[in-house]
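Report on the structure
Letter by letter, the chains look like this.
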Amino acid sequence: MKDEIYTWTGPILLAVNPWKRLPNMYDLSHRSEMVDEKQPRPHVFSVAHKAYCNLVRTGHSQSVLVSGESGSGKTESSKYVIQYLATVGHDSTDTRVCFSRTEQQVLQTNPILEAFGNASTLRNDNSSRFGKFIILQFESVTEESPRPKISGATIQTYLLEKTRVAQ
């Protein structure tokens, strides 16, 4: 049970911030072990995988909501969801994924966004004053591309609390 930071409560994934790095927890070379259609492990990759599979199966937009208190790991969880979605459209047997320029840009946005507008709070030395709404666009499913890849993204930011704004 050591370092098991995720659990299911119905269809909702709950996470506890371990406040330390967990080796191999987010290693994409093990992604097939993390997601199992019949018995999904409680892991952020399982949530991302389910959303991706539903997108491919239904052709309808999917949503992943990442919520929590300051310092709870929302930014890290979001980063891993995006990382998973950027790789899932590629061959799962190839550990050396060659990302398209668009996929690379999407993966590189988070550190840039986190560099601006952060403040120190009682719970978190690097608390964002802005919420982010991220929309990922995917290619259409075709015979040539049965596993669509990210083809674009939109990121909207909004002010969370005026009390976090420093004069």
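Within each chain, residues carry numbers counting from 1 in the order of the written sequence. Where local features are concerned, this predicted model is filtered to residues with pLDDT of at least 70; where side-chain atom pairs are given and counted, the filter is 80 or more; whole-chain, interface and lining totals use all residues. Heavy atoms from the whole structure form the basis of all side-chain values; hydrogens and water molecules are not counted.

**A word on helix H2 (residues 44-58)**
Taking 1.5 Å of rise per residue, 15 residues should cover 21 Å, and H2 covers 21 Å from first to last C-alpha, within 8% of that figure. Buried within H2 are the following residues: Val-44, Phe-45, Ser-46, Ala-48, His-49, Ala-51, Tyr-52, Asn-54 and Leu-55. Secondary structure elements are defined from DSSP: runs of H or I of at least 4 residues count as helices, runs of E of at least 2 residues count as strands, and each element is numbered from the N terminus. Positioned one or two residues after H2, Gly-59 has a phi angle of 75°, which is positive. By definition here, a helix of n residues has an expected span of 1.5 Å times n minus one. In this scheme, a residue with accessible area under 20% of its type's maximum is buried, one over 50% is exposed, and one in between is partly exposed, where area comes from a 1.4 Å probe on protein chains only.

**Some thoughts on a nonpolar patch on the surface**
Surface patches are drawn from residues lacking salt bridges whose relative accessible area is over 30%; two like charges belong together within 9 Å, two nonpolar side chains (Val, Leu, Ile, Met, Phe, Trp, Tyr) within 5 Å. Only the protein chains shown count as cover for residues, with accessible areas throughout obtained via the Shrake-Rupley method and a probe of 1.4 Å. What makes a salt bridge here is a side-chain nitrogen of Lys or Arg within 4 Å of a carboxyl oxygen of Asp or Glu, nothing more. There is a patch of nonpolar side chains on the surface, built from Phe-133, Ile-135 and Tyr-158 and spanning about 290 Å² of accessible area. Within the secondary structure, Phe-133 is located in strand E5 (residues 130-138).

**Things to note about the pairing of strand E1 (residues 6-9)**
As paired elements, E1 and strand E2 (residues 12-15) share 4 bridges and run antiparallel to each other. Across the sheet, the residue bridging to Thr-7 is Leu-14, located in E2. Only when DSSP finds a minimum of two bridges between them are two strands counted as paired. Linking E1 to E2, which pair antiparallel, is a turn of 2 residues; within it Gly-10 sits at a positive phi near 65°.

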